[in-house]
Amino acid sequence: LAFSPDGQKIATGTARSGVTITDISSKNKHQLEVLSETLTHISAVAWSPDGEKIIIALPDHTIRCWNATSTRPVGPPFGKHKDLILTAGFLPDSSHAISLSRDGELLVWD
């Protein structure tokens, strides 16, 4: 799970429902458009410090990015890891995403 930088929303990932963004005060929920065949396990979810993007790590060794406001995908999946991605996040200036896989490989994404 990941909180938005303003603390007003939370992004949660599950095998059953994919990724859901919930507004904490209103309880409104929005689903990210994750393809159903990838809904086997969300290993990481992160919100960018500027609040504009959300990334998730999937079991196919890819990172996917969404616009946090429109909940639409941003570009194609990033996929160079050879092993399961354990965690993901953003640089403090939100310019790049970072992911770490089980084999210790750390990758930086544009």
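Residues numbered from 1 in each chain as written. Predicted model: local features only at pLDDT ≥ 70, side-chain atom pairs only at ≥ 80, totals over all residues. Heavy atoms only, no water.

Chemist: An account of a nonpolar patch on the surface is requested, with residue identities and associated values reported.
Modeler: On the surface, Leu1, Phe3 and Ile24 cluster together into a nonpolar patch covering about 320 Å² of accessible area. Positionally, Phe3 belongs in strand E1 (residues 2-3). (Patch = residues over 30% accessible without salt bridge, like charges linked within 9 Å, V, L, I, M, F, W, Y side chains within 5 Å. Areas by Shrake-Rupley, 256 points an atom, 1.4 Å probe, with all protein chains shown as cover. Salt bridge = Lys/Arg side-chain N within 4 Å of Asp/Glu carboxyl O. Helix = DSSP H or I, 4+ residues; strand = E, 2+ residues; numbered from the N terminus.)

Chemist: Break down the packing of aromatic side chains for me, citing the residues and quoting the values.
Modeler: Under the defined criterion, the tally for this structure stands at one aromatic pair. Taking 5.1 Å as the distance between ring centres and 25° as the angle between the ring planes, the aromatic pair formed by Phe78 and Trp109 counts as stacked. Within this pair, whereas Phe78 is found in the loop between strand E7 (63-67) and strand E8 (85-90), its partner Trp109 is found in strand E10 (residues 106-109), the two being separated by 31 residues in sequence. For Phe78, a relative accessible area of 21% puts it in the partly exposed group. We classify Trp109 as buried; its relative accessible area is 8%. (Phe/Tyr/Trp six-rings, centres within 6.5 Å; stacked < 30°, edge-to-face > 60°. Buried < 20%, exposed > 50% of the residue type's maximum accessible area, 1.4 Å probe, protein only.)

Chemist: Hey, could you go over the confidence of the model for the protein chain for me, with residue numbers and the actual values?
Modeler: As a note on interpretation, predicted positions should not be read in detail where pLDDT is low. Residues with a pLDDT of 70 or more make up 92% of the protein chain, whose mean pLDDT is 88. The least confident element of the protein chain is strand E4 (residues 29-31), whose mean pLDDT is 83; the most confident is strand E9 (residues 97-101), at 96. (pLDDT = per-residue confidence, 0-100.)

Chemist: Quick one: what's the story with the side chain of Ser99, residue by residue and with numbers?
Modeler: For Ser99, the position within the fold is in strand E9. Dropping the residues within four chain positions of it, Ser99 is found in contact with Ile63, His81, Ile85, Thr87, Ala88, Glu105, Leu106, Leu107 and Trp109. (Contact = heavy atoms within 4.5 Å.)

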